[in-house]
Amino acid sequence: MIKKCLFAIVCLFTASCASQKLEIKPINHVSTFLSHQAFDTLELVGDEIWLRKKGKLVATYKSIKKQDMFESAVEEVKSGYAMMKDKGATEILYDDSKYGFFAETDKFKTYYIADKNNKDYWALISLKSELVGSSFLIPAE
C-alpha cells in the first residue's frame, strides 16, 4: 500500500513538472512561454540567450537596441517588415501597444516584436519550428 501511494505521488509530481512552462522576457512587455522539456541547456552567448536540447540549438532570444535613424523600436520593426514582406514575412496583429512580424525557414520561426512602452529596444526570438506549437508567444501585461 505504501509503495502504491509513493508511486502515485511520484506520478503526480512528474506530471505537474511536465506541464511547467518557463517564461522568457527578452524585453519588457513581451513574453514567451516554453516547456522546460523543450531544452536542457541555457547558454549566454554575448548578449543572446541560447536554448539547446541534446546539444542542438532550439531557440534564441535577444533584445536589440534600435538604430539612431529610427524614432522608436516599433518604427524600426515596421521598417524591417516592409523590407521582408515580399520574402514571405507575416505581420502579427497585436493590440495598439505592440507591433511584430515573423519569418520562417524550414527549421526556425523568427519573431521581430516591439512594444510602444519600450522605445529603445525590440525583441528577436527564434524558435525551432517544432517548438512553435508547444510554446506560445504573448505580449506581457
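This text follows the structure it describes.
Not measured: the values here are computed from a predicted model.

Reading the values: the criteria
Residues numbered from 1 in each chain as written. Predicted model: local features only at pLDDT ≥ 70, side-chain atom pairs only at ≥ 80, totals over all residues. Heavy atoms only, no water. Helix = DSSP H or I, 4+ residues; strand = E, 2+ residues; numbered from the N terminus. Buried < 20%, exposed > 50% of the residue type's maximum accessible area, 1.4 Å probe, protein only. Contact = heavy atoms within 4.5 Å. Areas by Shrake-Rupley, 256 points an atom, 1.4 Å probe, with all protein chains shown as cover. Pairing = 2+ DSSP bridges. Axes fitted to C-alpha atoms, helices over the stretch in contact; angles between N-to-C directions. Phe/Tyr/Trp six-rings, centres within 6.5 Å; stacked < 30°, edge-to-face > 60°. Lys NZ or Arg CZ within 6 Å of the ring centre and 35° of its normal.

## Quick notes on the overall build of the chain
1) Next: Of the regular secondary structure elements, the chain holds three helices and ten strands.
2) Next: Listed N to C, the secondary structure of the chain is α-β-β-β-β-β-α-β-β-β-β-α-β in terms of helices and strands.
3) Next: Counting every position in the chain, which comprises 141 residues, the buried fraction comes to 39%.
4) Next: Sequence separation of at least 24 residues holds for 42% of the intrachain contacts in the chain that already meet a minimum separation of 6.
5) Next: Accessible surface computed for the chain: about 8900 Å², of which carbon and sulfur atoms make up 58%.

## A word on the environment of Glu 130
1) Next: Secondary-structure assignment places Glu 130 in helix H3 (residues 129–132).
2) Next: A relative accessible area of 59% places Glu 130 in the exposed class.
3) Next: Sequence-wise, Glu 130 and Ala 38 are 92 residues apart; in three dimensions their C-alpha atoms are separated by 9.8 Å.

## Details of unusual backbone geometry
1) Next: Positive phi, close to 55°, is recorded for Lys 54, a residue that is not glycine.
2) Next: The residue Lys 54 is located in the loop between strand S4 (48–53) and strand S5 (56–65) in this model.
3) Next: The exposed category is assigned to Lys 54, whose relative accessible area is 72%.

## Brief notes about the sheet that holds strand S9 (residues 121–128)
1) Next: Across the sheet, which stays open at both edges, the seven strands sit in the order S3-S4-S5-S9-S8-S7-S6 with antiparallel pairing between neighbours. Edge positions in the sheet fall to strand S3 (41–45) and strand S6 (90–92), since each of these pairs with one other strand and no more. Direction aside, neighbouring strands of the sheet carry axes that sit 20° apart on average.
2) Next: In terms of strand pairing, strand S7 (residues 98–104) meets strand S8 (residues 108–115) through seven bridges, oriented antiparallel.

## Things to note about the packing of aromatic side chains
1) Next: Tallied over the entire structure, the rule returns four aromatic pairs.
2) Next: Between Phe 101 and Tyr 112, the ring centres sit 4.4 Å apart and the planes meet at 5°, which makes this aromatic pair stacked. Placement of Phe 101 in strand S7 and of Tyr 112 in strand S8 is noted, with a sequence separation of eleven residues between them. Assigned by exposure class, Phe 101 and Tyr 112 land together as buried.
3) Next: Members of the aromatic cluster, joined through ring pairs, are Tyr 81, Phe 101, Tyr 112 and Trp 122.
4) Next: Geometry around Phe 102 places Lys 109 over its ring, the cationic atom sitting 4.1 Å from the centre.

## Focus: the environment of Asp 47
1) Next: Structurally, the position occupied by Asp 47 is in the loop between S3 and S4.
2) Next: Each residue touching Asp 47, except ones within four places of it in the same chain, is listed here: Tyr 61 and Lys 62.

## Overview of the pairing of S8
1) Next: Within S8, eight of the eight residues are buried, leaving the element largely enclosed by the surrounding structure.
2) Next: Hairpin connection of S7 to S8: three residues between the antiparallel strands.
3) Next: Of the strand pairs in this sheet, S8 and S9 are connected by seven bridges, and their pairing is antiparallel. Residue pairing for S9: Phe 108 is matched across the bridge by Lys 128.

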